[in-house]
Amino acid sequence: MGEVNLEHVSKRYDDVTAVDDMNLEIEDGEFVTLVGPSGCGKSTTLETIAGLTMPTEGKISIADREVTNLPPKDRGIAMVFQNIALFPHMDVYDNISFGLRLRNYEKEEVDRRVEDAAEIVQLEGMLDRMPDEMSGGQRQRVAIARAIVREPEVFLMDEPLANLDAKLRVHMRTELQRLHKELDATIIYVTHDQAEAMTMSDRVAVINKGELQQFAPPLECYNEPKNLFVAGFMGSPSMNFVEGVVDSNGLETPDYHVEFDTGQLNGISVDDRLTMGVRPEDVYLVDDADNVANPTHRINARTDVLEPMGDEIFVYILTGEGSAAGMDAEADDSHQLLMSVNPDKDIDIDQDVEVVLDRERIHLFDTETGDAIAHGLEFASVETGPTGTEAEGDD
Ligand code: ADP
């Protein structure tokens, strides 16, 4: 049915490589999101699947059939774009059915498909409305219905929610998930918004500079990012990154030492430069760390900026020299940590605090290549740990 395969697909424009050796195996019925920063090649990848752009190299198949050189209309796909191009002088029925009527479908068949599609996107009763009598969200639903009536095996969507306001975008996310369940079709969805990718997809293809970085379920990208790029891109606010140097029992960063059992990590040795990554929700005030099974040693810091969000407070803290009174936020990234704190916490700016990191949620990356080395660290000789065993053979 709706499997989509990209094998070594590249697209070059003169000196720009928009898509670089992309390999994707998308299963029938999957909701896959192509996500990455602006200009990373998401749209170009989608356009090669649609047949709107010919790849410079590589092979594309849809439903077990090679389509690399087929025109869009013969690929069994339907597209929904960011800019909803409805015909302003046609009502909703005519807009939805335009393509079918062009192909001379029987009237009853057109009616049936339009009614089914209108029901799926909840536009029943609005078929005689004109586009200028509808909201942005309703117009986007007309565009989606127009794709549905073609009964494609694969839906290709390029930032279809980008022009909607924030609230409607969140609402349409749930609608799209419902739609996916109802249609049981393959959906390939392009967005630069990692929150959209996290919430809707079965799998996320994270792309940077034309290259696929990781293709995995959203939580896997979040919890086990393959490299620094994925770690920094997935999750908002972003993961903290602090550079350091490996020593015999952990990582020495400019301001503090993070102990862990270095012997258990393959391929690292003393003096290697690593980047530690830790998410804001995994940094704790000492008083709040009771449930953290394996906390690091205490880190002295000073609060710098507070961002109260209502359900949590984002607190920027400065460590080391940066924590000394009088020093302001000129500190580089290695002296700063962003943490998420419970909103009922009495916390102020310029306040001395002690924090710990949840060691089991610390990530390590090779600073030079960016490749992940570990997700979650162990430290056998934690005094407060439940097992309480001594570290064996620490050299
Ligand atoms: P995204 O969708 O991730 O924002 P695009 O796929 O649109 O990125 O573009 C990827 C890169 O290819 C960008 O550097 C863009 O400028 C370039 N590009 C896209 N289309 C063309 C084109 N028709 N001619 C030249 N360069 C292009």
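Calculation notes
Residues numbered from 1 in each chain as written. Predicted model: local features only at pLDDT ≥ 70, side-chain atom pairs only at ≥ 80, totals over all residues. Heavy atoms only, no water. Helix = DSSP H or I, 4+ residues; strand = E, 2+ residues; numbered from the N terminus. Buried < 20%, exposed > 50% of the residue type's maximum accessible area, 1.4 Å probe, protein only. Contact = heavy atoms within 4.5 Å. Polar contact = N/O pair within 3.5 Å; in protein donor to acceptor, adjacent residues only side chain to side chain. Near = heavy atom within 4 Å. Areas by Shrake-Rupley, 256 points an atom, 1.4 Å probe, with all protein chains shown as cover. Pairing = 2+ DSSP bridges. Axes fitted to C-alpha atoms, helices over the stretch in contact; angles between N-to-C directions. Salt bridge = Lys/Arg side-chain N within 4 Å of Asp/Glu carboxyl O. Core = buried A, V, L, I, M, F, W, Y, C linked by side-chain atoms within 4.5 Å. pLDDT = per-residue confidence, 0-100. Domains from an automatic or database assignment. Buried area = accessible area lost by both parts, 1.4 Å probe.

### Quick word on the overall build of the protein chain
For the protein chain, the helix and strand inventory stands at 8 helices and 21 strands. Dimensions along the principal axes, computed over C-alpha positions, put the protein chain at roughly 75 × 45 × 45 Å. For the protein chain, the residues scored as buried account for 49% of the 395 residues in total. Once local pairs closer than 6 in sequence are excluded, the contacts in the protein chain between residues at least 24 apart make up 65%.

### Description of the side chain of Gln213
Within the fold, Gln213 resides in strand S10 (residues 211-216). A distance of 3.1 Å separates the side chain of Gln213 from the backbone oxygen of Glu211, its partner in a polar contact. Residues within four places of Gln213 in sequence aside, it is in contact with Val206, Ile207, Asn208, Lys226, Asn227, Phe229 and Val230.

### Some points on the site of the ligand
Taken together, Tyr13, Val16, Ala18, Pro37, Ser38, Gly39, Cys40, Gly41, Lys42, Ser43 and Thr44 make up the full set of residues adjacent to the ligand. Residue Ser43 places a side-chain N or O atom 2.8 Å away from an oxygen atom belonging to the ligand. If the ligand stood free it would expose 560 Å²; the protein chains cover 58% of that surface. Ranked by the residues each element gives to the shell around the ligand, the list is headed by helix H1 (residues 42-50), at 3 residues.

### Focus on the pairing of strand S14 (residues 273-278)
A large share of S14 lies buried, amounting to 5 of its 6 residues. Sheet analysis places S14 next to strand S20 (residues 363-366), joined by 4 bridges and oriented antiparallel. Within the sheet, the bridge partner assigned to Thr275 lies in S20 and is Phe365.

### Points about the sheet that holds strand S8 (residues 186-191)
Strand pairing in a sheet is mediated by backbone hydrogen bonds. Such pairs are either parallel or antiparallel. One open sheet holds the 6 strands; their spatial order is S6-S7-S8-S3-S9-S10, and the pairing between them is mixed. Since the sheet does not close on itself, it has two edges, and those belong to strand S6 (77-80) and S10, each with one partner. Going from strand to strand, the sheet's axes swing by 15 degrees on average, the running direction of each strand aside. Pairing analysis gives 5 bridges linking strand S9 (residues 203-208) to S10, with the strands arranged antiparallel. For Ile207, the partnering residue across the bridge sits in S10 and is Leu212.

### What to know about the pattern of salt bridges
Considering all chains together, one arrives at 18 salt bridges under this definition. Across the pair Glu151 and Arg112 runs a salt bridge whose closest N-O atoms are separated by 3.4 Å. With Glu151 in the loop between helix H4 (136-148) and strand S7 (154-158) and Arg112 in helix H3 (residues 107-120), this residue pair connects regions lying 39 residues apart in the sequence. A residue is classified by how much of its surface remains accessible, and Glu151, at 46% relative accessible area, is partly exposed. A salt bridge links Glu243 to Arg273, with the shortest nitrogen-to-oxygen separation between them at 3.5 Å. Here the residue Glu243 occupies a position in strand S11 (residues 240-247), and Arg273 occupies one in strand S14, the gap between them amounting to 30 residues. Taking the relative accessible area as the measure of exposure, Arg273 reaches 46% and is therefore partly exposed. If you follow the salt bridges from partner to partner, you end up with Glu109, Arg112, Arg113, Asp116 and Glu151 in one network.

### Here we look at the environment of Arg178
Residue position: Arg178 is located in helix H5 (residues 166-183). Take Arg178: its relative accessible area is 26%, and that puts it in the partly exposed class. Between the C-alpha atoms of Arg178 and Ile120, which are 58 residues apart in sequence, the distance is 9.0 Å. With sequence-adjacent residues up to four places away left out, Arg178 is seen in contact with Ile120 and Gln122.

### Details of the nonpolar core
Within the largest apolar cluster, 35 residues are counted, with the highest numbers of intra-cluster contacts made by Val121, Ile144, Ile148, Met157, Leu176, Leu179 and Tyr189. Secondary-structure elements contributing two or more residues to this core are S6, helix H2 (92-102), H3, H4, S7, H5 and S8. In this structure Met157 touches Leu46, Val80, Leu176, Leu179, Ile187, Ile188, Tyr189 and Val190, once residues within four positions along its chain are discounted. Judged by nonpolar contacts, the second largest core, of 29 residues, contains Leu251, Leu265, Leu274 and Met339.

### As for the confidence of the model for the protein chain
Across the protein chain, pLDDT averages 90, with 93% of residues at or above 70. Segment residues 325-329 is flagged for pLDDT under 50; beyond a separation of four residues in sequence, or across chains, it makes 7 contacts in the model. Confidence drops under pLDDT 50 across residues 384-395; counting only partners more than four residues distant or on other chains, this segment forms 8 contacts.

### What about the domain arrangement of the protein chain?
In terms of domain boundaries, the protein chain breaks down into domain 1 (4-227) and domain 2 (240-375). Using C-alpha coordinates to define each centre, domain 1 is positioned 39 Å away from domain 2. Counting residues at the interface gives 6 residues for domain 1, matched by 9 residues for domain 2. When domain 1 packs against domain 2, close to 610 Å² is buried across both sides, 47% of that on carbon and sulfur atoms. Remark: the boundary between domain 1 and domain 2 carries 0 salt bridges.

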